[in-house]
Every structure is written in C-alpha cells, then in structure tokens.
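What follows is each chain in one-letter form.
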2 protein chains.
Amino acid sequence: MTARIDFYFDFSSPYGYFASTRIDDLARDLGGAAHWHPILLGPMFKATGAAPLLETPLKGDYSRHDMLRTAGLEQIPFRIPEPFPIATVAAARIMLYAQSLDAALGIAFAQQALKAYYVDNIHIGEAENVLQIAKAVGLNIDDTREAIASDAIKAQLRSENEAAMARGVFGSPFIFVGDEPFWGFDRLDTIRRFVQRGS
Amino acid sequence: MTARIDFYFDFSSPYGYFASTRIDDLARDLGGAAHWHPILLGPMFKATGAAPLLETPLKGDYSRHDMLRTAGLEQIPFRIPEPFPIATVAAARIMLYAQSLDAALGIAFAQQALKAYYVDNIHIGEAENVLQIAKAVGLNIDDTREAIASDAIKAQLRSENEAAMARGVFGSPFIFVGDEPFWGFDRLDTIRRFVQRGS
C-alpha cells in the first residue's frame, strides 16, 4: 500500500515535534514518503474554540506532565521551551520558501528549527533566529529574508492553512493517509494498524 | 508492582466506554484491581472551557469518525447513540448507590448501562431506563429510586466530582496508576509501558 501521506504540524506544537521525529520512518515503512505541511494553529483554534494547551486549567498541568513523560518513553530529546507558545509564522514561511526550492530542503529546515526550539531552547518565534537556521541548512539568508517578506509567500501560507482546515485539520500533528485523518502523536501506532488491516 | 488504579469515566463518553471494556484486564495484568469512579464532565468542561466533542467544528466530525474507527480496530461493539451527549447524573448516582452495597455490583451496573447506551441505543439519560438496568443486575428498584433521590447521594456525587477535579481529572476516561495521571483511551498502552519501565 502506498497511499499518499500528508503530515501537518505547527512549529509551536510539542506533539507535532514528536511526530516530526517519526513521520519519515513511518512513511517509509508504509512504502511511501511524507509530505510535510507547516500550519498555523491560531486560525484553527479560533474555529474550534480551543485555547493554548498549557494555559488551559487542569489540562495545562496534565499536558506539561504528559509531554515530558512522552518524550522520556519515546526517548526523544525535549524540554518545554520558554517562551511557549510562540508565533510561528516566520518559520512556516521559511519552510514554504525552502520547499519551493526543494522538498527535502524544507524538511531539513523544519527538523533543525524544531530541534532548535525543543532541544536548544532557541526562540524560533524571532525571524532572525530562524533565518540563521535557514542559513545553516544551506539557504541564502538574503534571498530567504526577501522571500518571507513577499506577498506571495504570505498569501500562500494563508491559503494553505485554509486548505488544511477545509480538509479537516484542526490540531497538530495531523496526518492523512490517503484521505484517512489521524490527529495526535498517539495515533502513529493506529496508523500502522489501520494500514496493516488494509482498509 | 501493584499500584492503586483509579478509573474515572462519564457515562456519556464513548472513549470512556471503550476504556471500560479494557480497564479490568489492564489492572489484572498490572497485578491489581481497578477502582471505578463515575464523573460528570459538565463541571469539568466548564473549568477547562471545553465544548461537547461532537458539537465542536472540525473536531466533531473527526471525533465521530475516530470513535467508529477505534471501535472497529479494537473490535468493541459500538454505535454512536442518539441522543448524544446526555445527562448522566441518574446513572452516576445509581452507580454510587450500587457501589455502596458492593463494589462489584457497581461495576456490573456500569457495564450494563454502558452497553445499553452504546450498543442497544437505550437512552440512559432517562432515570426509568437506568432503574430497569439496575434491577436487571440485581438491585431493588424501589430502594434504588429512593436512594438516588436522596440528598446524601446527590451530595456524594458532587463532592466526588470535586475531589476528582482537585486531583486533576478533566476528561473521560481518566486513569491514575498510583498518582500518575493518564487521559484518554489511547493512553492504555502507555500505561503498560510506563508500569513495565518501573517508574
């Protein structure tokens, strides 16, 4: 089975980061490659009435604990970054620009940006910080700075976010195997079972 | 390891129902027995700002799909009941009354009430319907009717719900292994791994 696999994530989502460390292996095991899509949770949370996770009473404390426990059980390098959550529009735009040059470059940038935020505690909400990461993975920093200030990239991010919502995406990580939707890092095993069952 | 296992669920939570079909086996495998606690999500959702699942834009459609898929993958008899969600105060009070007589009777009642709602589409928001279920598992229907109208049971349910929230419970199912909290049916495997790791 080689259904198309789409992986949606917000750079400010710890569970999205966890999934980013697994999604390419999962896709390979299923006989394909994952298509990565940076999203912005802001407009999605507005639609569903969701609040930022760690600021929610009761659920916030639990989630903080669950993130650390999950990272430990899965042996994923992680600490809860400060500040959190952050605006991820610069990172998302850089990723779209990198993808327009080369899909693999987009993924390499995303992986480094996620590592910077969740492991090295670099504030990737700051455009200059993400531009340095872009440079480190091989992008021209001046071209990238220009690209992410362009109306074209801004419009593309908005329209891709709207397309994701139209498809049903409301959280991070969100994964489609063909047209089958899966929400959450804890659904990765379900995806394997679902595909193995062949339906 | 024989840590105490507490299982919190709302009768109107499909994922709570799914967990109810697994929790006793899980507890047995971990060397103990599960203590079942009926909760009311209403006051909890008020605290966290959560909305009833199926009424939430985007998330509602996904959840409907995920419930049916999960039941299929886990081979749990299930259909989405109508109406949904429902008030579960009568069922919760009966369960507390049954537990006051015998813990196993409380569980037997809960299992039958959940099956009635999620398999046979019996409206367990209606007190008379749950009283019939109580009778079927061996409770005296007149004593039960009297008990659930008593101030004592009403106060007990309120205070147990508040105690659950004070402990951090905000959703269904919610499971504690000792003091370690787990939210969601999809955390049952995590519980096994967590306990096996011995931490």
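Note on numbering: residues in each chain are counted from 1, in written sequence order. The lettering of chains begins at A and the numbering of ligands begins at 1, in the order of writing. The predicted origin of the model limits local features to residues at a pLDDT of at least 70 and limits the giving and counting of side-chain atom pairs to 80 or more, whereas totals for whole chains, interfaces and linings rest on all residues. Side-chain numbers here rest on the full set of heavy atoms in the structure, without hydrogens or water.

Asks: Which residues make up helix H10 (residues 188–197) of chain A, and what are the values?
Replies: Within H10(A), burial applies to Leu188(A), Thr190(A), Ile191(A), Phe194(A) and Val195(A). Seen along its axis, H10(A) keeps its buried residues to an arc of 150°; they face one direction. Those residues of H10(A) that are exposed and aimed more than 90 degrees away from the buried face are Asp189(A) and Gln196(A). By definition, residues are in contact when any of their heavy atoms lie within 4.5 Å. Strands here mean DSSP runs of E at least two residues long; helices mean DSSP runs of H or I at least four residues long; both are numbered from the N terminus. Among the structural elements, helix H2 (23–29), strand E3 (174–177) and strand E4 (180–183) of chain A together with helix H4 (59–74) of chain B are those in contact with the buried residues of H10(A). Two residues or fewer after H10(A) comes Gly198(A), characterised by a positive phi angle close to 80°. Three exposure classes are used, based on accessible area relative to the maximum for each residue type with a 1.4 Å probe and protein chains only: buried under 20%, partly exposed in between, and exposed over 50%. In this description, the arc belongs to the directions extending from the helix axis to the C-beta atoms.

Asks: If you had to explain the packing of helix H6 (residues 103–118) of chain A against helix H7 (residues 127–136) of chain A to someone new, which residues and values would you point to?
Replies: All names here are of chain A. The axes used here are C-alpha line fits, helices contributing only the stretch in contact, and every angle between their N-to-C directions lies in the interval 0 to 180 degrees. Here H6 crosses H7 at 130°, and the two axes come no closer than 9 Å. Taken together, the axes of H6 and H7 are oblique relative to one another. Seen along the crossing, H6 lies across H7 with a hand that is right-handed. Across the interface between the two elements, Phe109, Gln112, Ala113 and Ala116 of H6 pack against Val130, Ile133 and Ala134 of H7. Split into classes, the residues belonging to the contact of H6 with H7 amount to six nonpolar, one polar and no charged. In what follows, roughly perpendicular refers to angles from 65 to 115 degrees, roughly parallel to angles under 35, roughly antiparallel to angles over 145, and oblique to any angle outside these ranges. Crossing handedness follows the turn of the near helix against the far one: under a right angle anticlockwise gives a left-handed crossing, and clockwise gives a right-handed one. Throughout, the ten residues Ala, Val, Leu, Ile, Met, Phe, Trp, Tyr, Cys and Pro are labelled nonpolar, Asp, Glu, Lys and Arg are labelled charged, and all others, Gly among them, are labelled polar.

Asks: Describe the packing of aromatic side chains, naming the residues involved and giving the relevant values.
Replies: Each aromatic ring pair is characterised by the separation of its centres together with the angle its planes make. Residues and elements named next belong to chain A. Ring pairs are drawn from Phe, Tyr and Trp, using the six-membered ring of Trp, whenever the two centres fall within 6.5 Å, and their geometry is named by plane angle: stacked under 30 degrees, edge-to-face over 60, tilted for the rest. A complete count under the given rule lists 42 aromatic pairs over all chains for this structure. On the basis of an interplanar angle of 15° and a centroid distance of 4.9 Å, the ring pair of Tyr17 and Tyr118 is categorised as stacked. With Tyr17 in helix H1 (residues 14–20) and Tyr118 in helix H6, this residue pair connects regions lying 101 residues apart in the sequence. Across the pair, Tyr118 and Tyr17 agree in class, each one buried. Ring-pair connections join several aromatic residues into one group, and the members of that group are Tyr15, Tyr17, Phe18, Phe78, Tyr117, Tyr118 and Phe185. In our convention, an over-ring charge means Lys NZ or Arg CZ found within 6 Å of a ring centre and within 35 degrees of that ring's normal. Over the ring of Phe176 we find Arg167; its NZ or CZ atom is 3.8 Å from the centre of that ring.

Asks: Could you give an account of the nonpolar core, naming the residues involved and the relevant values?
Replies: Formed by 70 residues in total, the largest nonpolar core has its most connected members in Phe11(B), Trp36(B), Phe109(B) and Ile175(B). With nine residues, the top contributor of residues to this core is helix H6 (residues 103–118) of chain B. Those residues within four positions of Phe109(B) in sequence are excluded, and the remaining contacts are Phe11(B), Ala91(B), Ile94(B), Met95(B), Val130(B), Ile133(B), Ala134(B) and Val137(B). What is meant by a nonpolar core is a set of buried Ala, Val, Leu, Ile, Met, Phe, Trp, Tyr and Cys residues, joined one to another through side-chain atoms within 4.5 Å. Ranked by size, the runner-up nonpolar core spans 59 residues in total, among them Ala27(A), Ala34(A), Leu40(A) and Leu139(A).

Asks: Mind laying out the environment of Gln99(B), listing which residues take part and the relevant values?
Replies: All names here are of chain B. Its location among the elements puts Gln99 in helix H5 (residues 89–101). Of the residues examined, Gln99 reaches a relative accessible area of 22% and is grouped as partly exposed. Through-space distance from the C-alpha of Gln99 to that of His37 is 9.6 Å; in sequence the pair is 62 residues apart. Once you skip the residues sitting within four places of it in the chain, Gln99 turns out to touch Trp36, Pro38 and Gly106.

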